[in-house]
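So the chains spell out like this:
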Amino acid sequence: MRLDGLHTTLLLALRPEGLPEIVHWGPRLPPGDTAALRDRAPARNLLDDDVAEASLFPTLGAGLFRTPALAVHRDGRDWSAAFGEVTPEANADGVLTIAAHDRVAGLRIVIKLALPPDGDVLTMRATLTNAGEASLTVEHLAAGTLRIPPEATELRTYGGRWAHEFTEARSALPDGALLLENRRGRTSHDRFPLLIASTPGCGEQDGAAWGVHLGWSGNHRMVADRLGDGSLLVSGGELLMPGEVTLAPGASLATPTLYAAWSNAGLAGLSRAFQAYARRHLLRLATPRPVTLNTWEGTNFAHDEARLMQEATAAAALGIERFVLDDGWMPGRDHERAGLGDWTADPRKYPNGLGPLARHVTGLGMQFGLWVEPEMANPDSIVLREHPDTALALAGRPLRLSRNQLVLDLNRTEVWLRVHAALDTLLREAPIAYLKWDMNRDLVAAGDAAGRPASRAQVLATYAMLDRLQTDHPALEIESCASGGARADWGVLARTQRVWTSDCTDALERLRIQRGAARLLPPETMGAHVSDSPNHQTGRRHTLAFRAGVALLYHFGIELDPLTLDDAEREELAGWIALHKRLRPLLHAGLHVAGDPIDGRTLTGVVAPDADHAVYLVAQEADPARPHPAPLRLPGLRADAQYRLRIPAPQRPDGKISATHHALYAEGVVIAGGILAHAGLTPPPLQPETAIILELHREP
Ligand code: GLA
C-alpha cells in the first residue's frame, strides 16, 4: 500500500496480523515490488514472532513497547488493545482509509491518511469507536504515527515564552523518547506542536527534514521515540485530562489532524511544502491582504474617539487599508482589571456606540476591525456580575486569575449563546469586517459545571463559534491572537485568516520569531507590524528601514499612532507601504527561500513560482566579526536567466558603499541567476540591526 505525493512516498506493509507497518516515508519511490523489504528475522531474545515496531498504530497488546497510540480501559479492563481484521481502502485522490477491530477489547479504529498528489503534506487522523457493551475511558488517542529513518538524528522544537515565541531549539535524540506535552488549554507559547527531525547539520537549503504538526488549539502530546532499528517513531495527538473522554457503547472519538511533510531541500524546502499545502487546502483568504493599522501599542487603553478618527484619517493617507481598534473600547476598560466580557462600547468613550468611528473608517475607504476576547471575562464586568459561576472552575477550588480574567465555560449552551449573540450583534450593528480574536490566558484545572475536565470541549466550542460567525458573516475575517502567537496552529488557522505572530514587535526579535513561525505558516498569515522606536517590549531603538524591512514579507501593518510621526517618517513609511503593496502578489504566493546565517547575517526570501521575480530580506542581526561582508548567495533563481538586481525605494544609500552598490539603489545590476546562487555578490556593509530588501526581475 502506498501514497504518492509530488516528491514523497509513504509506503505501508500489511502484516499477517495487526495494523500496517510504515516501511518508508521520504523520497518518492519508483513503482516496483516492495514485498521483500520488511521480511526480517526475529531479533534474539525478543518475541518469537517478529513484530513490526514501526506500526501505523502501535499498541501494547500487539507486542509493541514504544509509546502507544492508544490508552483506554473499561473500569480497569480491556486496556491492552491489539487490532486485527484490517481492511484498507484506497481511493484515487490519494486517500487511504484503514479500518480494524479488536474484538476482545471491543474497539474499532479507523485511520485516515491522505497525501494529495499535488504536494508533499501527508495528513492523518484516527477515529476510535467503542464497540463494547460498557462505557470506555479514553486516556490517549494519537492522531497519527510516522516512521522517520535512522539518519534523522537531529530534532528541532519550537517554543519560548510570551513575546518570545517560535524559538527553534535543536537537540540530538539519543536512545529514548522526546516528549512534548502541553497542558495550558491553548496551543501555548512554550510548546508549539511542531517537531522537525533532520539529517545532521541540515541547513536551510541542504539536508533532509521531516516535519510533523498537530492542528489543534488545546492540550497536546508530541512524541519522538527511537525504535530498535534506529528509526524514529513520531506521533502527535491531544493530551487528555483524566476522565476527559468517556465513550458510551457505540460512541466515537475523532482526533484532530496530524500534518506531516518531508523535504530533501533543507528546512526552507520543508517550509515550502507546508506553506503550499496550507495555501491549497487549509486557508480561505481573499487576496490581497490589507495593510493594517492596529491601535494597541499606539493607543493602549486611552481611547479618545476624536483622536482615533484623526488617526484613521492619517492612516488612510499613509495607504493603510484596515484600521483595527484594539482593546479598551468596552465599558470601564481603562485597564486590564475591568470590562472584559462586556461587548458593548463604553458610553464615556463612544457616546454613540462604535458606529461613528467605524463609518468614519469605512468612509475613508478602509475596513474597520475590532479587538475582542470572547472566551474571557473580568470578575469586574457586567456579564460576570449578572451571571456569576459561569467560569470554568472546579467547585471547592480557588479561582485562579491570570491577567485579572477568568475563562467562560463555553460548554454551557446559555453561555455560548450569550457570547455568540454579543458578537453577532456587534457585527450586525457596525460595519465590522474583521475581528482580532484574542485569548490571553492559560486554562488552569478547567472544570465544567459537573466538575469534569473541559479543556477539549472548550476548544471545540470555540471552533464552533468561529465557524458559526464565518458562516453567518461570510466576508468576515478573523485574526487568531493569544497574547501574541500562543494559538497559531493549523486547527485554528483552518477557521481564521491570520495569526498575531507575537506581542514582540522588536524587529531584531521578530527575525527569529518569524523564522520559526515560517517553518509552518505561510507569510501572508503572519501579522507583522512596524511599531515605535524605542520598542515597547525591549526598549531597543531601530531605524524605520529596519523595522519596515523586517515586517515587509508578511501580512504587513503598523502598530503606532500615525499622528506622532514627523513629515519625513510619514513619507518614508508611506514609501514602505507602497512597496509592500507592489510586492505582495509575489510575497503572498511565491516560494519561501532562505540562506544559512553567516557572520550574523541572515537571508529570507520569496521567489515567484516561475522564478521571474524575487525579493530577499538581508538582515545583519549581530555585529559582524569580519571586516568585509561574505559574498551574498541568492537561492531559488533560474541558473541560466539574467536578473536585474535592485534595492528598491524607499531605501536609500547609507554610509561608504561601492559604485556597484550605488547602482543597486538606482538602475540596478544585471547578473545571471546561477552566478548569484553559487558565487554571490558582495553586499553593502551592514551595521548590526539593519537590513536591506533586494528585488530581482528576470531580464526580458
Ligand atoms: C494581548 C494581545 C495584544 C493586545 C492586548 C490587548 O496581549 O496579544 O496584541 O491586543 O492583548 O489587551
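Residues numbered from 1 in each chain as written. Predicted model: local features only at pLDDT ≥ 70, side-chain atom pairs only at ≥ 80, totals over all residues. Heavy atoms only, no water.

Think of an α-helix as turning once every 3.6 residues; residues three or four places apart then point the same way. Between its terminal C-alpha atoms helix H11 (residues 567–587) stretches 28 Å, which fits the 30 Å expected from 21 residues at 1.5 Å a residue. Where H11 bends most, at Lys 581, the angle is about 35°, and the proline Pro 585 comes one to four residues later. Taken together, the buried positions of H11 are occupied by Glu 572, Leu 573, Gly 575, Trp 576, Ile 577, Leu 579, His 580, Leu 583, Arg 584, Leu 586 and Leu 587. Where H11 begins, one side-chain oxygen reaches toward the backbone nitrogen of Ala 568, 3.1 Å away; that side chain belongs to Asp 566. (Helix = DSSP H or I, 4+ residues; strand = E, 2+ residues; numbered from the N terminus. Expected span 1.5 Å × (residues − 1). Bend = angle between axes of the 7 residues up to and from the residue. Buried < 20%, exposed > 50% of the residue type's maximum accessible area, 1.4 Å probe, protein only. Polar contact = N/O pair within 3.5 Å; in protein donor to acceptor, adjacent residues only side chain to side chain.)

Let's shift gears to the site of the ligand. Not every one of the 13 residues close to the ligand is listed here, only the nearest: Asp 326, Asp 327, Arg 403, Lys 436 and Asp 503. The contact in question runs from an oxygen atom of the ligand to an N or O atom on the side chain of Asp 438, over 3.0 Å. Within the side chain of Asn 440, an N or O atom sits 3.4 Å from an oxygen atom of the ligand. Protein burial of the ligand: of its 310 Å² of free accessible surface, 96% is covered by the chains. Grouping the constituent residues of the shell around the ligand by class yields four nonpolar, three polar and six charged. (Near = heavy atom within 4 Å. Areas by Shrake-Rupley, 256 points an atom, 1.4 Å probe, with all protein chains shown as cover. Nonpolar A, V, L, I, M, F, W, Y, C, P; charged D, E, K, R; others polar.)

Another aspect to go through is the pattern of salt bridges. When charged atoms on two side chains of opposite charge get close, those side chains can pair. If you walk through the whole model with that rule in mind, you get 45 salt bridges. The salt bridge partner of Lys 349 is Asp 334, with a shortest N-O separation of 2.9 Å. One end of the pair, Lys 349, is in the loop between strand S21 (322–325) and helix H4 (355–363); the other, Asp 334, is in the loop between S21 and H4, with 15 residues separating them in the sequence. Exposure remark for Lys 349: the relative accessible area of 11% places this residue in the buried category. By relative accessible area, Asp 334 is classed as partly exposed at 36%. Put simply, Arg 540 and Asp 506 hold a salt bridge, and the shortest N to O gap is 3.0 Å. With Arg 540 in the loop between strand S28 (526–531) and helix H10 (544–551) and Asp 506 in the loop between strand S27 (498–500) and helix H9 (507–517), this pair connects stretches of sequence that are 34 residues apart. You can call Arg 540 partly exposed: its relative accessible area is 27%. Here Asp 506 falls in the buried class, since its relative accessible area comes to 0%. (Salt bridge = Lys/Arg side-chain N within 4 Å of Asp/Glu carboxyl O.)

On the basis of which strands lie adjacent, the open sheet formed by three strands has the order S1-S2-S3 and antiparallel pairing. In this open sheet, the two edge strands, each paired with only one partner strand, are strand S1 (2–4) and strand S3 (21–27). Direction aside, the axes of adjacent strands within the sheet are offset by 10° on average. (Pairing = 2+ DSSP bridges. Axes fitted to C-alpha atoms, helices over the stretch in contact; angles between N-to-C directions.)

With the rule as written, the count across this model stands at ten aromatic pairs. The interplanar angle of 75° and the centroid separation of 5.8 Å between the aromatic rings of Phe 57 and Phe 83 together place this pair among those described as edge-to-face. In this pair, Phe 57 sits in the loop between S3 and strand S4 (70–73) while Phe 83 sits in the loop between S4 and strand S5 (84–91), placing the two residues 26 residues apart along the sequence. In this structure, Phe 57 and Phe 83 share a single accessibility class: buried. Measuring from centroid to centroid gives 5.7 Å for Phe 274 and Trp 490, while their planes differ by 90°, and the two rings are edge-to-face. (Phe/Tyr/Trp six-rings, centres within 6.5 Å; stacked < 30°, edge-to-face > 60°.)

By the criterion of burial, strand S7 (residues 107–114) is predominantly enclosed, with six of the eight residues buried. Bridge analysis of strand S6 (residues 95–102) against S7 gives eight bridges, and the strand direction is antiparallel. Opposite Ile 98, over in S7, you have Ile 111 as the bridge partner. Connecting the antiparallel pair S6 and S7 is a turn made up of four residues, with Gly 106 showing a positive phi of about 70°. Count of turn residues in the S7/strand S8 (residues 121–130) antiparallel hairpin: six residues.

A word on helix H3 (residues 305–318). With 14 residues, H3 should reach 20 Å at 1.5 Å per residue; the first-to-last C-alpha distance of 20 Å fits that figure. Among all positions in H3, only Glu 305, Leu 308, Glu 311, Ala 312, Ala 314, Ala 315 and Leu 318 are buried. For H3, the secondary structure elements touched by its buried residues are strand S20 (292–294), helix H2 (296–299), S21, H4, strand S29 (555–559) and H11. The N-cap of H3, judged by a side-chain oxygen 3.0 Å from the amide nitrogen of Ala 306 a few residues on, is Asp 304. The positive-phi residue at the C-terminal boundary of H3 is Gly 319, with phi of around 105°. (Contact = heavy atoms within 4.5 Å.)

With that out of the way, let us pick up the sheet that holds strand S31 (residues 601–607). Reading across the sheet, the six strands line up as S30-S31-S32-S35-S33-S34 and stay open at both edges, with antiparallel pairing between neighbours. Each edge of the open sheet carries a strand with a single partner, namely strand S30 (591–598) and strand S34 (669–672). Averaged over all adjacent pairs, the angle separating strand axes in this sheet is 25°, with direction ignored. Where strand S33 (residues 642–646) lies against strand S35 (residues 690–698), four bridges are found, and the strand directions are antiparallel. For Arg 646, the partnering residue across the bridge sits in S35 and is Glu 695. In the packing of H11 onto the sheet, contacts are made with S31, strand S32 (613–620) and S35, and the angle to S32 comes to roughly 125°.

This part is about the domain arrangement of the chain. Domain annotation for the chain reports domain 1 (2–29 + 50–282), domain 2 (300–500), domain 3 (507–589) and domain 4 (592–698). Just the C-alpha atoms count here: the centres of domain 2 and domain 4 sit 42 Å apart. (Domains from an automatic or database assignment.)

Another aspect to go through is the packing of helix H6 (residues 413–429) against helix H7 (residues 455–472). Direction vectors running N to C along H6 and H7 enclose 30°, while the axes themselves pass 11 Å from each other. As the angle between them shows, H6 and H7 are arranged roughly parallel. In this structure, H6 crosses over H7, and the sense of that crossing is right-handed. Of the residues in H7, those touching H6 at Trp 416, Val 419, His 420, Leu 423, Asp 424, Leu 427 and Arg 428 are Ala 461, Ala 464, Met 465, Arg 468, Leu 469 and Asp 472. (Parallel < 35°, antiparallel > 145°, perpendicular 65-115°, else oblique. Left-handed = near helix turned anticlockwise from the far one by under 90°.)

This paragraph deals with the packing of H3 against H4. Axis separation between H3 and H4 bottoms out at 9 Å; the angle between their running directions is 10°. It follows that H3 is roughly parallel to H4 by the angle criterion. Considering the relative orientation of H3 and H4, their crossing is right-handed. Side by side, H3 and H4 meet where Glu 305, Leu 308, Met 309, Ala 312 and Thr 313 of the first sit next to Pro 356, Leu 357, His 360 and Val 361 of the second. By residue class, the composition of the contact of H3 with H4 is six nonpolar, two polar and one charged.

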